[in-house]
Structures are given as C-alpha cells and as structure tokens.
Amino acid sequence: MAILLYNRSCYSLLQSTIRISDLIDFALANGQKAIGICEKGNLFSAKEFSDKCRQAGIKPVIGCELSFNVEDRQFDVLIYPRNHSGFLNLMDILLNNRELDFQQLLIMNDNSNIVLKSDSYFSYLLNENSITAITAVIEKISKYENIYVSSLAENRAVNSKINEIVLMLCKKFNVKTIAIDVALYNREQDYEAYKCLQAIGKGTSITDTNLSLVTDASLKPPEAMNLLFDKASLDNINFFVSAIDLNLDGFKTRLPVFETGYAISNKEYLKQLCLAGLQKRLDNKIPQKYSERLISEIEVICSMNFEDYFLIVYDIVLYCRRNNIMTGPGRGSAVGSLVCYCLGITHIDPLEYDLLFERFLNRERISMPDIDIDFPDSKRIKAIEYVKEKYGLLNVSNIITFGSLTTKALIRDLGKVLNINQSSLDIVLQTIVKDEWTLSQQYEDNIYFKTAINSSAQLQKLYRIGNILYDMPKNISTHASGVLISADKLTEVIPLIKASDNYVAGYTMSHLESMGLIKFDLLGLK
C-alpha cells in the first residue's frame, strides 16, 4: 500500500496546515499501518508524532528535509533514521548546523534511509544538459544499499521529463526509486488556508505573486498514489518502511544523583537536612505536629524517588544565599510543604497557615513536583550559570514553547492577508470577550461575534479559513522559567537548538516528562 512518507506538519512553521492528528486520522481512514512525517530542518514534531502513532497502532516513520552541498550549490535531501544511531546523528547535524557534502550523505546510509529528490539535484543537472553527470551520480549511489531516488508524481509535464531519464538510469544501475510526494495540507479544499498561512509567514497578502506555493500537495489516498507513480517505486515503499526500527521510547534520561559528599543515602541526607532546618526554624522548640508532618512529607517524597529533585533545588537556593542573590519567599502549591520550609526553599510556615502538602505532592495523584524559585531578573543568569557549571553544559537546557495563532491575533493576521478593511476587522475584534475561546466557540456562543462574521462574505471566508489555522504554531520561543537538568547529556536524548549561549529543548514540556525530565522553574522578576 502507498504509505505517505513526505508529509510536513504545522511544526514546519507556517509552511503546512497539517496537524499531527490529521496524519493519524488519514492513516486510520485508509487502513495504513504506517505513515511518515518529514519536517523542514527540524524535529519539533518527532515525539508527539511518535507517541500518537503508537497509541493508534500505527508505525511512525520520522524524517527530516535537509540540504547538501555540491560545488557550492545546495540541494534537497530527505533523511529517515532507521535506528537509534541514525536519530542521534540527525539530531547532531541539526544542532550544529552541519553542512553535508555528497560523500557525507552517502555515509549516512549506514543508519538512515536517504532519499535524493529528483526535482532538486537531478533536475538541476538536467537543466545543465548533463546526462553524463546524472549517470555518474546514479552509478555511484548504486554501491549504497539505503540510498533511494524519488520518483515524481506524473501530474506535471516537467516531472514526466525528469522521471523518463532518472528512472531509466536507476533501473539500469539497480538503484531503488521510491514514490515521494510532498503533502502540505490535509485536503485539496485546504489550499486556500495554506496560501493564507504562507502569506502570514511572509507578511504579505494572498495576491502577492511572489508567494512560493505548491499546488496539488494534499494528503493523497492510495488510489491517487497508484495513478501518479510507477509500480516499482510504489512497491519499494514497503521495503523502505520495513527497514526502519526506530523507537523514540528508547531515548530516556533521569535526574542527576545529587552528590552530597557523605557516606549516607540521599534519602537519609534529605531527612537530616530537614530535621536540622526545622530545629533552626523553630529555635529547637518543636511541637509534635511539626515532627509528624515533616516525617510524613519526607516519606512521601522518598517513596516517589524525588529526593534528588529537592536536594538540587535546595542547592540552587543555597548558592544564591551565599552569593547575595535574593530568592522569593515561595508561591504556588510548594508553600504547603514543610520540607521546603525547612530547607529554606520557601519562607512561609505551612502549618501556621493550614496549607496542605497534598496539594503539592500526593501519592494518589502521580505528578512531578513543581517548585518556583524567583530571582531578580538581573541575577537569574548567575543561578543558571551555576547549574550549568555543576551539572554540565550539555546536561542543562531551556525549553521550547510555540507562539500560536490564537483568536484575536489570527483574525488580525488573516484580515491583512485577505485585504479586509481595518474597520470591518475592528468590529469583529470588539465583539470578542474571551480570547481563550476558539473561533468556533466564539461563533456558537457569542451572538455579537456571529452577527459580525455573517455581515459580509469576506468575513465568512476569514472565519472558514481561521477554523483551519486556529492555534497552529507561528513562532518559537523559550519557556519563561523552565530549565531542564539531566543526568545524561541532552544531546543523547532530545533534539536541541542553540539560542545565543543557551541550549533549548526541541520538544515542549508535555512530551519531556515521559522521557524522565523534570522542569525546574527559575523565574526572573523585575
């Protein structure tokens, strides 16, 4: 069956209207046991895609579109890691922005399936009238088992011309071809929404003739693929997919074990610190209810194996205290912890104010502890530098977040690209009371919004397209306070990107917890 491999999702920012759920739904609706994703230059979607595919009983095929250099020219290539080593190599290429030459690309076939796009490198050589060069390249790659050449969809005259020469040479030298067709929107009727998304990304209108658009780039069912591609290239898809044995569940880490310097367990060390802290807090006059509460909290913390988390937070606060960096008195559910109070992490006595530890940490509700540490904005960097120095530069990172197309911002953006006059947009925007409502919620539950939308065909068009684009990621940013600390180098666990002098995790926090990572909230306040 013609499994789709070359699908970009909305995580190829402002390039595709396809959501991860669209890919899952498409595979299930067409009875496909596998489906691919191939973002442009990033792996932001890899974990979410992998998890959702496996939950649905579908094999995830994860790829990434990169460039390689030949004589100072760049050409497109698709990389699909077959195993753990292949994925590590791909993460390293992206992190370090490594430029690949053709020979390096060929070597990657040891752990990845490589697809040379016929409409990139070979198209260029054809335009140069260099059949000899094409022949030499195809003969060279015939020596590598996992290098494929893309067959192009027979829906454009230029594709037919390329296929005629390239497929013939691949057959001659026994090089595998594969049916690859980019998908950038879910259904053909989503083309207009895709066009608007491109215009938003370029800051222009949909009438701009310079927009780079791809037509006929919807998710294609097997019957359509069978009409567009040759049988050999379609048959090779199953061989391509069956060779992939990549499971992102194998990428795990854990918190560092806090080094105490004493010949006792960290559980016992935490207990001793807390008892000493309690004596200091209460001036050695300890009521029974405090002792009982403290021992109870320590038992819960240690039973959930969070002793290292508390020791790490304690150590950061201790560093700040010793280096004249103020920290806040504590906030959120952490102020309900007597352990935090005894360690000097918070400065509010939870028993005095009848605050519940169970709101912070509870055996019955397994969740990660969440302690917010507040610093003066100008001093936060010093605390983070200390953490990097202690645990290792590659063991500490910020966390990626995505700015998204929310209701008001989306209406403004679509208004501009659709050339709707500002006064009409202002009327719609003034009807919005709750920006957190989706567009469809606004329409169903806000009569003023509904009336404004129905006042013109242009605004109805905006609403229709807006429902497709709502909440799609628009740009990347970093979590305001979240910092990851890992026992293993993060380069061996997750995709990272560089932002100034910091590393940033390429997955959002919702996907990091299952990999053994805990967020430390270090927030700078003005």
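Please read all numbers here as calculations on a predicted model, not as lab measurements.

**Remarks on the environment of Ala232**
Locating Ala232 in the fold gives a position in helix H10 (residues 231-242). Looking at Ala232, the relative accessible area reads 45%, which means it is partly exposed. For the pair Ala232 and Lys280, spaced 48 residues apart in the sequence, the C-alpha separation amounts to 77 Å.

**Digging into the packing of helix H5 (residues 118-127) against helix H7 (residues 157-172)**
One can describe the packing of H5 onto H7 by two numbers: an axis separation of 11 Å at closest approach and a directional angle of 90°. Taken together, H5 and H7 sit at an angle that is classed as roughly perpendicular. Between H5, through Ser118, Asp119, Phe122, Ser123 and Leu126, and H7, the contact on the second element is made entirely by Ile162, Ile165 and Val166. When the residues that make up the contact of H5 with H7 are grouped by side-chain class, the tally is 5 nonpolar, 2 polar and 1 charged.

**Quick word on the packing of helix H6 (residues 131-141) against H7**
The N-to-C vectors of H6 and H7 enclose an angle of 40°; their axes lie 10 Å apart at closest approach. In terms of orientation, H6 lies oblique with respect to H7. Once H6 is placed against H7, the crossing between them reads as right-handed. When H6 is examined against H7, the residues Ile131, Ile134, Thr135 and Ile138 are found in contact with a partner set consisting of Ile165, Val166, Leu169 and Cys170.

**Structural notes on helix H13 (residues 307-322)**
If you check H13, its first and last C-alpha atoms are 22 Å apart, about what 16 residues at 1.5 Å a residue would give, namely 22 Å. Counting buried positions over the 16 residues of H13 gives 13, a clear majority of the element. At the C-terminal side of H13, Asn324 shows a positive phi close to 55°.

**Remarks on helix H3 (residues 84-95)**
Between its terminal C-alpha atoms H3 stretches 17 Å, which fits the 16 Å expected from 12 residues at 1.5 Å a residue. Gly86, Phe87, Leu90, Met91, Ile93 and Leu95 are the residues of H3 that are buried. Its side-chain oxygen at 3.2 Å from the backbone nitrogen of Ser85, Asn83 defines the N-terminal cap of H3. Just downstream of H3 lies Asn97, where phi reads positive at about 50°.

**As for unusual backbone geometry**
The phi angle of most residues is negative, glycine excepted, and most peptide bonds adopt the trans form. Even without being glycine, Asn129 reaches a positive phi, approximately 55°. By secondary structure assignment, the location of Asn129 is in the loop between H5 and H6. Taking the relative accessible area as the measure of exposure, Asn129 reaches 69% and is therefore exposed. The backbone phi angle of Asn419 is positive, close to 60°, even though this residue is not glycine. Mapped onto the fold, Asn419 is located in the loop between helix H16 (407-417) and helix H17 (422-430). Since its relative accessible area comes to 44%, Asn419 is described here as partly exposed.

**Considerations on the sheet that holds strand E11 (residues 496-499)**
Backbone-to-backbone hydrogen bonds pair the strands of a sheet. The strands run either parallel or antiparallel. On the basis of which strands lie adjacent, the open sheet formed by 6 strands has the order E8-E13-E10-E9-E12-E11 and mixed pairing. The strands lining the two open edges of the sheet, one partner per strand, are strand E8 (372-376) and E11. Going across the sheet, the axis of each strand differs from the next one's by a mean of 45°, ignoring polarity. As paired elements, E8 and strand E13 (residues 519-525) share 5 bridges and run parallel to each other.

**Section: the packing of aromatic side chains**
All told, the structure shown has 23 aromatic pairs when counted by the stated rule. Geometrically, the ring pair formed by Phe87 and Phe251 is edge-to-face, given 5.3 Å between the ring centres and 65° between the ring planes. Remark: Phe251 occurs in the loop between H10 and helix H11 (266-281) and Phe87 occurs in helix H3; sequence separation between them is 164 residues. Taking relative accessible area as the criterion, Phe251 reaches 2% and is therefore assigned buried. Through successive ring pairs, a cluster of aromatic residues spans Phe68, Phe75, Phe102, Tyr121, Phe122 and Tyr124.

Criteria and cut-off values
Residues numbered from 1 in each chain as written. Predicted model: local features only at pLDDT ≥ 70, side-chain atom pairs only at ≥ 80, totals over all residues. Heavy atoms only, no water. Helix = DSSP H or I, 4+ residues; strand = E, 2+ residues; numbered from the N terminus. Buried < 20%, exposed > 50% of the residue type's maximum accessible area, 1.4 Å probe, protein only. Axes fitted to C-alpha atoms, helices over the stretch in contact; angles between N-to-C directions. Parallel < 35°, antiparallel > 145°, perpendicular 65-115°, else oblique. Contact = heavy atoms within 4.5 Å. Nonpolar A, V, L, I, M, F, W, Y, C, P; charged D, E, K, R; others polar. Left-handed = near helix turned anticlockwise from the far one by under 90°. Expected span 1.5 Å × (residues − 1). Polar contact = N/O pair within 3.5 Å; in protein donor to acceptor, adjacent residues only side chain to side chain. Pairing = 2+ DSSP bridges. Phe/Tyr/Trp six-rings, centres within 6.5 Å; stacked < 30°, edge-to-face > 60°.

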